[in-house]
Amino acid sequence: MSIRIREEKCVGCGRCADVCPGTLIGFREKKAHMDYPKDCWGCVSCVKECRTGAIEYFLGADIGGNGSTMTVTEDGNILHWKIRKHDGTVKTIDVNRQDSNKY
Ligand code: SF4
Ligand code: SF4
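Thresholds applied
Residues numbered from 1 in each chain as written. Chains lettered and ligands numbered in written order. Predicted model: local features only at pLDDT ≥ 70, side-chain atom pairs only at ≥ 80, totals over all residues. Heavy atoms only, no water. Core = buried A, V, L, I, M, F, W, Y, C linked by side-chain atoms within 4.5 Å. Buried < 20%, exposed > 50% of the residue type's maximum accessible area, 1.4 Å probe, protein only. Helix = DSSP H or I, 4+ residues; strand = E, 2+ residues; numbered from the N terminus. Near = heavy atom within 4 Å. 1 Å grid on protein atoms, 1.4 Å probe; cavity = no way out; pocket = protein on both sides within 12 Å on 5 of 7 lines; lining within 4 Å. Sits in = over half its atoms within 2 Å of the grid points. Contact = heavy atoms within 4.5 Å. Points joined across faces, edges and corners; volume = space filled by probe spheres on them. Nonpolar A, V, L, I, M, F, W, Y, C, P; charged D, E, K, R; others polar.

So, about the nonpolar core. If you look at the biggest cluster of nonpolar residues, it comprises 22 residues, and the most contacted ones within it are Ile3, Ile25, Val47 and Ile55. For this core, the secondary structure elements donating two or more residues are strand 1 (3-5), strand 3 (31-34), helix 2 (45-49), strand 4 (55-59), strand 5 (68-75) and strand 6 (78-84).

A separate point is the site of ligand 1. By nearness alone, 13 residues border ligand 1, and Cys20, Cys40, Cys43, Val44 and Cys46 come closest of all. Here ligand 1 occupies the largest cavity.

For the rest of this paragraph, the subject is the side chain of threonine 71. Structurally, the position occupied by threonine 71 is in strand 5. Every residue in contact with threonine 71, bar those within four places of it in the chain, is listed here: Val47, Gly53, Ile55, Glu56, His80, Trp81 and Lys82.

It is worth spelling out empty space enclosed by the protein at this point. Scanning the model with the defined rule gives two cavities of 30 Å³ or more in all. Here the largest cavity defines a volume of roughly 100 Å³. Lining of the largest cavity is provided by 13 residues; of these, Cys20, Leu24, Cys40, Cys43 and Cys46 occupy positions nearest its centre. For the lining of the largest cavity, the class distribution of residues is eleven nonpolar, two polar and no charged. The wall of the second largest cavity is formed by 13 residues, among which Cys10, Cys13, Cys16, Ala32 and Cys50 lie closest to the centre. Its residues placed into classes, the lining of the second largest cavity shows nine nonpolar, three polar and one charged.

Structural data, given as structure tokens:
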């Protein structure tokens with residue numbers, strides 16, 4: 001599993017680089033960039049921090065993803081986890097941050 005950073009959506013805020021436990025994310029021309037995507041172990045910390053949906057997380061075949069990707073966008077306390085399946089369909093799961101410690 002790994003991520004892909006979509007440069008056209010990146011605003012260079014640096015939040016992803018700040019939270020990556022492996023310091024895998026750097027910058028090129030003020031855009032987030034990974035030199036070694038294979039080193040990513042898929043913790044999704046950067047995906048959750050990116051406010052523009054610029055980081056796509058690949059859902060591997062081992063969990064039934066088959067090339068699907070996941071991005072996160074934010075609307076106040078609500079996180080929208082958007083799963084784009086390989087057939088083009090999209091499923092969105094909304095999570096209220098205020099409820100996140102209830103489970
Ligand atoms: S998913 Fe985790 S390990 Fe991979 S780049 Fe993002 S923060 Fe780093
Ligand atoms: S958090 Fe998102 S917008 Fe900010 S630098 Fe990283 S990829 Fe770019």
